[in-house]
Structures are given as C-alpha cells and as structure tokens.
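Analysis of the macromolecular model
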Amino acid sequence: MNIYQDYINEIEERKTQGLHPKPIDGAELLGEIIAQIKDTANAHREDSLKFFIYNTLPGTTSAAGVKARFLKEIILGESVVAEISPAFAFELLSHMKGGPSIEVLLDLALGDDASIAKSAGEVLKTQVFLYDADTDRLKEAFKNGNEIAKDILESYAKAEFFTKLPEVPEEIQVVTFIAGEGDISTDLLSPGNQAHSRSDRELHGQCMITPKAQQEIKALQAQHPGKSVMLIAEKGTMGVGSSRMSGVNNVALWTGKQASPYVPFVNIAPIVGGTNGISPIFLTTVDVTGGIGIDLKNWVKKVDADGNVVRNENGDPVLEEVYSVATGTVLTINTQTKKLYNGEKELIDISKALTPQKKEFIRAGGSYAIVFGKKIQTVAAKILGIEPTPVFAPSKEISNEGQGLTAVEKIFNRNAVGTTPGKVLHAGSDVRVEVNIVGSQDTTGLMTAQELESMAATVISPIVDGAYQSGCHTASVWDKKAQANIPKLMKFMNDFGLITARDPKGEYHSMTDVIHKVLNDITVDEWAIIIGGDSHTRMSKGVAFGADSGTVALALATGEASMPIPESVKVTFKGDMKEHMDFRDVVHATQAQMLQQFGGENVFQGRIIEVHIGTLPADQAFTFTDWTAEMKAKASICISEDDTLIESLEIAKNRIQIMIDKGMDNHKQVLQGLINKADKRIAEIKSGEKPALTPDANAKYYAEVVIDLDVIVEPMIADPDVNNKDVSKRYTHDTIRPISFYGDDKKVDLGFVGSCMVHKGDLKIVSQMLKNLEEQQGKVEFHAPLVVAAPTYNIIEELKSEGDWDVLQKYSGFEFDDNAPKVAARTEYENMMYLERPGCNLCMGNQEKAAKGDTVLATSTRLFQGRVVEDSDRKKGESLLASTPVVVLSAILGRIPNVDEYKAAVVGIDLTKFAPPVKALSR
C-alpha cells in the first residue's frame, strides 16, 4: 500500500498550503484505489471512492484508462459497487472526454447486450472527442447492419451533441472587478516565476494577481451570488504579453464555473473586459474556455468644440469616462440584443464578443467541442452518404470583387479547408486552415500535454510538416522543478511525434535553443502557417500565430486552426539608415512613428503587420517580426526579395542539417523532409515558377505606414516609464525615447544581451565592441554586470569557428558548462560579463532575475512589472529595452551613454544594417 500512503502523505502536505488533493493521473495509484473500493472492509474505502469518482483526470491519462475499464466491469456486472450503479457508471464515462472511455463505450454499444448497447449509444451521442480508429469501428459496424451504430451516426450527422445542449442564457449578470489600471499582462494573471506549477491548477491559481485581490473576488462572489465576476483592465488592454492558457485558467478558476462535477479545478466561462479590448491571443484562449471577452470602450479621447483631440502636457490624448466599471458595479450582458447594460441603461454594443461562432463556443463550454463536433458531424454524414444537417453558424465568407489579396489573405486562401470551392476570401472571413509548423515551449508544454490527454489525442496529425518541443524557458537553471517536469514533458512529446530539444533516451546533447529561433529555421516555406505556444511565435517566413497551450494541442492533434482572416497594415520604409544606427533602432522607431502618424491610435493592434523588409535575411528580420508582439499585432509577415528568401532558406537548411547530425530526427524523418521542402521551394524561386510571396498591387489595407529612416539619428529605448503619473501609461511598449532623453545620469544596474531578439550578428557586435573599447581605453572595465545568452548553440559554434567566442571568453568572468549546469538561480551579480547557456534567461523571468529594484537595460522584449526585475522597497524595478551596442556600452559605463560616447564606441563595428528594397514588392 506504499503508493497510496505516499498519496495520503502528499495530501497532508498540501493541506498545510491550503490545497486539496492533487488530481490523480497515474494508473498504479488508481489501481490501488480500486482494489480498496472492491474490499468492502478496507479502512480507506470511503476516501478511495471519493478519489475515484471526483479526483481522477479524464482523457488519455493512464489513470483514465484504469477508471474506464473498472466502470465497464460495473456496467457488465463483473464488479458490484453499491455506490456506483451501472447508470452512474455511464454518467461517469460521459464526463471522461474521449480516449479509453470512448473505447469502452464502443465496446458496450457494439456488444451483445441490447439494453447495455442502447444505454452506451445514448452516452456516445453526447461525445465529440472521437478519432479515426473510433469512427472506423462505427463505420464497420454500420456496414454490417448494426442498428445502434446507425443510430449513433445519424445523431452525429444531426449534431445532436450540440443541439441538445442548453441555450446560452439571454441575460448574464456580472459584477466588475478592476484587476489593474493600464495594460494587464498575463504575467499578472500567471507569473513567469511560477511556471513550474502551471500543470497543478489549484496550486498555480494561488499566484493570480495577489492574495488580496483573490479575497476581494471571493467577497464579491459572496455579496453577489449567481453573478459572474468580470475581470477588467481599466484604461488598458487585457491579456497582453505571453500567450498563457494558465492565465485564463486562473481567471476561470477564481471567477468561472466548474466544467464537470467529476473533474476538479477545470473551470470554464470566464468573463473579462478591457477599456481597449482583449489581446488577440488572450481572446483566443478565452474562446477555448467558453468565456466572453468584451471591448468596453469606457474611456474615450476628449475632444474640444472643434472636434480636435485634447492633449496633456506630454502630448498624450486626455481621456474622459463614458461610463463607470468601478469594482462592484453590476452590469448585464444581453446575448440576444448583444448589448451591455447597467440596469435599463444601454452602455455599448458588444456584438464582436457575441458573434454566432463565439456563442457556439459559450454554449458548448469551449471551442474544442465545436471544432471536434463539426469534424465528427462531417465524418458521420459521409459514412451515411447524406448531407450533414445545417446546425452550426455558417462560416463568414467575404469576397470583394476586383480587390487584390494581401499576403496573409493569399496564405489563408491557399491553406483553407471547408470553404466554398473557387471563392476568393478577403479579411473578415472565418476560415479553417491547415497548419504547417507547430511549436510547444517548455513552461506551457506540460499544459499542452494535459490538453492533448483531455482531447484523447495520442499521435501528431499527419498533415503537420514539423513540430518542435523546446527546452529554452527552463534552460538557465537545472533545478529540482526542471528536473521533475522537463524529462517527463520531453518523453510525452517525443512519443507523440514532435522533435524534442532534449532526448528522453539521452542519446543526443540537450538543445536549449530559443524556440522562436528553431521555428524560424524549420519554417521552410513563406506560404506556411505556424502555431506556437508563445506570443513571440512570429516567424520572418510564413505567418505565425502565438497561441495558448490548448490551441497548440489542437493544432498538433488535428493539423488545423480556425480564425477570421485578419486585416493587414502595410509597413514600408524610405530614406537611408545612418551608419551608426542598428536595425533594433528601426524597430523601435517603427512603433514610435506609427503612433505619431495616427494620433496615438495603435493601428497595428489585432492586425497583421505586413512589413516589406525586402533585403534583410530571416535571421535579422526576426528582430522586427518578434517585436510585433509588443506592437499588439496579431501576427506579421515579411515580404522578401527572391534572392533574400533563397539566402534565408539556405541558412535554414544548414541549421536543420545540424539538428539531423545531432541525432534529433525521428523515425518519420521529419527534419529531412523539411530540407527536401526547402530545396523544392528554392528551385521554384530560381526557375521563376513560383517567386517569393508578395501581395497584389491592388490589395486593400486597414492602414499603410511609411517609416522614415532619415529621421532616426540616435539609438532608441523602449521605456516602461515606471513613474508616470498616469498609471495606465506604465509598462506599455509605446514609450520610445532617444538616448539623449536620459542625459548622463541614468544609472544602469545590469545589462542583458540575449533572448529571441538577438541573432548571430548581435553576438559579433559584443565581441567587436569589447575589442574596440580596449583599443580606445587600454582596458575594458564593467561598471555593471553584463549577462550574455546566445539564442542557439548553432550561433555559438559559428562564433567559435569565426574567432568571436574566444574574445567573449577573454572578457567573461563566467561561462556556462553543460556538464555541470547551474542547479540554483543566481541572486547576486558581480560587475563582469556572464556567458550564459543558450535559452531565454532573464527575459523569461521564471528562473534568473535581476536584483530587486534594479534598472536593467536589455535587448529582450519584456518590460512588464516584475518580469525581468521586481520592485524593491527603495525603488521600482525597471527593464528598459535597447539595441545590443547600447546595452554593452551601458554595462561598461554603468549608465546610459550619451550620443557622442555611443558613436565613438561603434566606430568600425558591423551593426545590423538595413536598406529598403529599391522597388515595390507587389505583383
């Protein structure tokens, strides 16, 4: 009885943390629990029954298999449990969401006992998580004249699994809770430094916002029984930053409702709002859980008598409140009129939050059920030889005659499935598309694995060209949490069919390369659609969408994703880049100039940025596409010249070959297949058969932005503006300042060169600057620590062969050692350079951090409160973002340099340069 006793001991330990028993996912433990249930005299029988009924995870967990088989025994009378009747056993099977439970239900439905078969058939009619092996059994039985099989298939063809669900209530009453003022990052809802606990939903739920906020939410629920608490980003956007399913899971855990009485801590139907709406990837995750995300527009720009926007002393628009959503306000969502009310007073139209498709997600308890339901309906109708009954809201198909296609419209039209044959679709159309590349990252991967288990998936979809499981977010420190979670994750994903950063068998060297860089390399067709479990899934080939762990699981299991075709904003460049400037400054200037051109309106938000980069290879162009997540864009597309694209594909081929040489390819030779696809694409471009992707000359854009390179004359810094009097202006990525703003007295406590924003050229810049400064000053002395983390091992190998790594070693005081990785996070830094292991490092914020209250200057993308650096009692921590040369020089000086110091330090250094294409990239 050791394993059961271990579980009891764990329960007692969790009680001290205010936690309930952890849900059971292992077969061995549940097997022992069943043995104790069968033993009517067992002292642990009552608890064992509760664990079996209420605390066992469904889907394809090994525990679910054991549970399903025992329920089958009860239904067949082979085991008798007084507390679990055959009818109750069927009820429990109906909540197990596929996998072993479907196998058992099919066994019973296609069995010899007519009464049992009928009951099993009725349960099967409510299930949607069926795969080919399951429908093949029904098809075979139907062909052999089985009436139960026919009855089930007819029900599926009518989509009764959906039509028999309760309708969405006409009115949903909510009580407001302002979670914060300004943009609310998912880091507030699910902190990066608690990533290790995400798969333990109850434990992870304790980290949402603050304990004080959690108590306030509970108090509102007690005061307003029957109403849902709506979390709000006042004067900001809800859910910016990382694409975290765990953030929505936490919101649902505290404010939603339990999905099933027999599955603990899985809640659905969260309701969230934001003055400026919901971040696109966060909204997708809300849909996954059957929730509602509302663009409140409760603050608007104040205008004068002439209709001009009133601005404050900083030039920012003055906002005025249209209606109040102060904490404790009771509002009504009317799902019929699609309006938001305060009592009888209409506040705003919320049609976008309640489209026919979104209402289906709400009714079904989440988008997965609809995706799988549509599939099972189509399959059943095909088997029966009939047309499926029109049940679901028809996909919106927008086709504007005479209008050309943007790049994203072209990609979606090529990859679309289930649309009207021959119909050309434009932005706003709802589209189901095939996905080419999928990426899962390590701090959300355990949740993705859980989602795959819950939807009963066991193998990757054959239509996916390639999929990768990273190890970069936990690369910095090989601590006990990582040791417990990562090998388990890698084995699961390796078995599922992904290329994995770590080999579960230990036969190849662990690769902790940053996931975005790997996905950028394995994307070998600019017509590809990529789905990745991170907001920075922003490839410079193809169109990539950062997604929650559930959407990643859906893409892995089905090879598909569903979304409207987004509108696009076209970005082009004019002028010449100054000799002393780095491309990172162009990236920051793009955001600043866009906001200036459109009066403070972020025209990028929720749209595709189609950047006509032209001459910049994918490695370097990624610096732009990566940053588009901070521009709040839904995704981005690089338009490249033919020769540039060929160069990018050749680089990708070489790096994929290195992965093959390391032994990372699997039995299906996925990586070799990608090289073959790259070769084919290169041949098409060279022959002229299929040139590089470009938009049509008569494509329609939401807006067009022209970036003037001539006016970018000094390095630019993205500043979190932590002391801005207007709280809503803090921790956005919109405050872009030239270095001259800071004078000579802005102290820097730590510099960080790393994350997905840097490429090989950046590491060469570090090397060249150190040599340059030594020649100028006689020695290099650091007045602040400089942490350097290459994004990939490939880059380090290339730097070694070119001599730059020797230079970095010469000036470093610490160099990572894969044979003896750190087992504890660094808490103090000396004034020297640290060469850290490839991976996310400080940017992730879950392992390494700067000292509290530090001012950090980094090349990364994260400036959110508490991410890279937390506040201290003495001052707020701040993470400013800049180019590599600015960061290096700041670490050496211990402060932000002035323009003259910067210019002197970069003389003769190969900065990342960019020259706009000389001709328009459209056809």
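Placed above this text is the structure.
A brief look at the structure comes next. (Residues numbered from 1 in each chain as written. Predicted model: local features only at pLDDT ≥ 70, side-chain atom pairs only at ≥ 80, totals over all residues. Heavy atoms only, no water.)

Right, let's talk about the sheet that holds strand 22 (residues 568-574) for a bit. Backbone hydrogen bonds hold the strands of a sheet together, and the pairing may be parallel or antiparallel. Strand order in this open sheet of four strands is 24-23-22-25, and the pairing throughout is parallel. The open sheet terminates on both sides in strands that have one partner only, identified here as strand 24 (635-640) and strand 25 (703-708). Ignoring strand direction, the axes of neighbouring strands in this sheet form an average angle of 25 degrees. The sheet contact formed by strand 22 and strand 23 (residues 608-614) spans four bridges and is parallel. Across the sheet, the residue bridging to Val569 is Ile609, located in strand 23. Here helix 23 (residues 583-597) sits on the sheet in contact with strand 22, strand 23 and strand 25, set at roughly 130 degrees to strand 25. (Pairing = 2+ DSSP bridges. Helix = DSSP H or I, 4+ residues; strand = E, 2+ residues; numbered from the N terminus. Axes fitted to C-alpha atoms, helices over the stretch in contact; angles between N-to-C directions. Contact = heavy atoms within 4.5 Å.)

For the pair helix 2 (residues 27-38) and helix 4 (residues 62-75), interaxial distance at closest approach is 7 Å and the crossing angle is 25 degrees. Classified by the angle their axes make, helix 2 and helix 4 are roughly parallel. Two secondary-structure elements touch here, helix 2 through Ala27, Leu30, Gly31, Ile34, Ile37 and Lys38 and helix 4 through Ser62, Ala63, Val66, Lys67, Phe70 and Glu73. Of the residues belonging to the contact of helix 2 with helix 4, the class tally is seven nonpolar, two polar and three charged. (Parallel < 35°, antiparallel > 145°, perpendicular 65-115°, else oblique. Nonpolar A, V, L, I, M, F, W, Y, C, P; charged D, E, K, R; others polar.)

Tracing the backbone shows Lys67 in helix 4. Buried within the structure, Lys67 lacks any salt-bridge partner; its nearest side chain of opposite charge belongs to Glu91, at an N-O separation of 11 Å. Among the polar contacts made by the side chain of Lys67, one reaches the main-chain carbonyl oxygen of Phe52 at a distance of 2.9 Å. Discounting chain neighbours no more than four positions away, the residues touching Lys67 are Leu30, Phe52, Ile53, Thr56 and Met96. (Buried < 20%, exposed > 50% of the residue type's maximum accessible area, 1.4 Å probe, protein only. Lys, Arg positive; Asp, Glu negative; His and termini not counted. Salt bridge = Lys/Arg side-chain N within 4 Å of Asp/Glu carboxyl O. Polar contact = N/O pair within 3.5 Å; in protein donor to acceptor, adjacent residues only side chain to side chain.)

We now examine the packing of aromatic side chains. Within this structure, the stated rule accounts for 19 aromatic pairs. Note on Phe492 and Phe496: the rings are 6.2 Å apart at their centroids and 10 degrees apart in plane angle, and the pair reads as stacked. You can see Phe492 and its partner Phe496 sitting in helix 20 (residues 480-496), four residues apart, about one turn around the helix. Seen from their ring centres, Tyr829 and Tyr834 are 5.6 Å apart, and the 85 degrees between their planes marks the pair as edge-to-face. (Phe/Tyr/Trp six-rings, centres within 6.5 Å; stacked < 30°, edge-to-face > 60°.)

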